[in-house]
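These are the residues of each chain, in order.
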Amino acid sequence: MRRLQMWHRAVYIFVLDQHDRLCVQQRTPWKDIFPDYRDLCAGGVVDAGETMACAARRELQEELGLSLALTPCLTLHFEDGMNAFGSVFLARYRGEPMTLQASEVSSVEWLTLDEALALEDATPDSYQALKTLADKNLMPRPV
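Small disclaimer: the values here were computed from a predicted structure and weren't measured. (Residues numbered from 1 in each chain as written. Predicted model: local features only at pLDDT ≥ 70, side-chain atom pairs only at ≥ 80, totals over all residues. Heavy atoms only, no water.)

**Q** For this particular structure, what's the right way to read the side chain of T28?
**A** Within the secondary structure layout, T28 lies in the loop between β2 (22-27) and β3 (38-39). Here T28 is in contact with P35, D36, A102, S103, E104, V105 and S106, once residues within four sequence places are set aside. (Helix = DSSP H or I, 4+ residues; strand = E, 2+ residues; numbered from the N terminus. Contact = heavy atoms within 4.5 Å.)

**Q** Could you clarify how one ought to interpret the nonpolar core in this entry?
**A** One broad trend across soluble globular proteins is that nonpolar side chains are buried collectively. One finds Y12, F14, L22, L40, V88, L130 and M139 to be the most contacted residues of the largest nonpolar core, which totals 24 residues. Sequence-distant contacts of V88, defined by excluding residues within four places in its chain, comprise Y12, F14, T71, P72, C73, L74, L76, A129 and L133. Residues V11, I13, L64 and L66 belong to the second largest nonpolar core, which totals 16 residues. (Core = buried A, V, L, I, M, F, W, Y, C linked by side-chain atoms within 4.5 Å. Buried < 20%, exposed > 50% of the residue type's maximum accessible area, 1.4 Å probe, protein only.)

**Q** Would you explain helix α1 (residues 52-64) in this entry?
**A** Side chains that are three or four residues apart share a direction in an α-helix, a result of its 3.6 residues per turn. Under the 1.5 Å per step criterion, the end-to-end length of α1 is 18 Å for 13 residues, consistent within 8% with the ideal 18 Å. All buried positions along α1 are accounted for by M52, A55, A56, E59, L60, E63 and L64. Down the axis of α1, the sector holding all buried residues measures 130°, keeping them to one side. Summarising the contacts, the buried residues of α1 are in contact with β1 (8-16), β2, β4 (42-45), β5 (70-78), β6 (84-92) and β7 (105-111). Looking one or two residues past α1, G65 carries a phi angle of roughly 70°, positive in sign. (Expected span 1.5 Å × (residues − 1). Arc of directions from axis to C-beta.)

**Q** Any chance you could explain the pattern of salt bridges here in plain terms?
**A** It is possible for side chains of opposite charge to pair when their charged atoms get near one another. All chains considered together, the criterion is met by 11 salt bridges. For R21, the salt bridge goes to D17, with nearest N and O atoms at 2.6 Å. Its relative accessible area of 30% is what places R21 among the partly exposed residues. Across the pair E109 and R38 runs a salt bridge, and its minimum N-O distance is 2.6 Å. Here the residue E109 occupies a position in strand β7, and R38 occupies one in strand β3, the gap between them amounting to 71 residues. (Salt bridge = Lys/Arg side-chain N within 4 Å of Asp/Glu carboxyl O.)

Quick look at the structure:
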C-alpha cells in the first residue's frame, strides 16, 4: 500500500493529560517509515471492514495499552505520498497505566501544543493533523 502509494483510511488519536499536554511517542529505530521520529498521536491504518472508531480504539490499545473514551473531531486527507483519508479523535488520559507496543513505541513524553508543533522530527501526517486541529481551534489550550 505504501510502496504503491495507494489511498487508504487512517486514524489519528491525540491523547491529552489533565494539563492539556499531548502524549508524544518516540518511534522505534526499526519502524519501516520515519524511524526514530516522534508521533504526535497514536494511530494507524484502518483494516478492511473496520469502522474508523473501532480502528481508533484498536490502535490506542495496541500502541499505548489504553482504553479511553474517544471524541471524534474531524476528517481530513493527506496527499504527497501519504495518500490517506483520516479521522481525528481526542482522548483524555487520567493516569491509567500504559503498556507501550515494543515494536513501535520506545518511549512517550508529554508536550504542550506549542512544543509539539515546534518539533522538527514529527511524522508529517501527525504534524498536519495536529496543526489542522489547532488551526480550527479544536485543541484545548491551557488558560
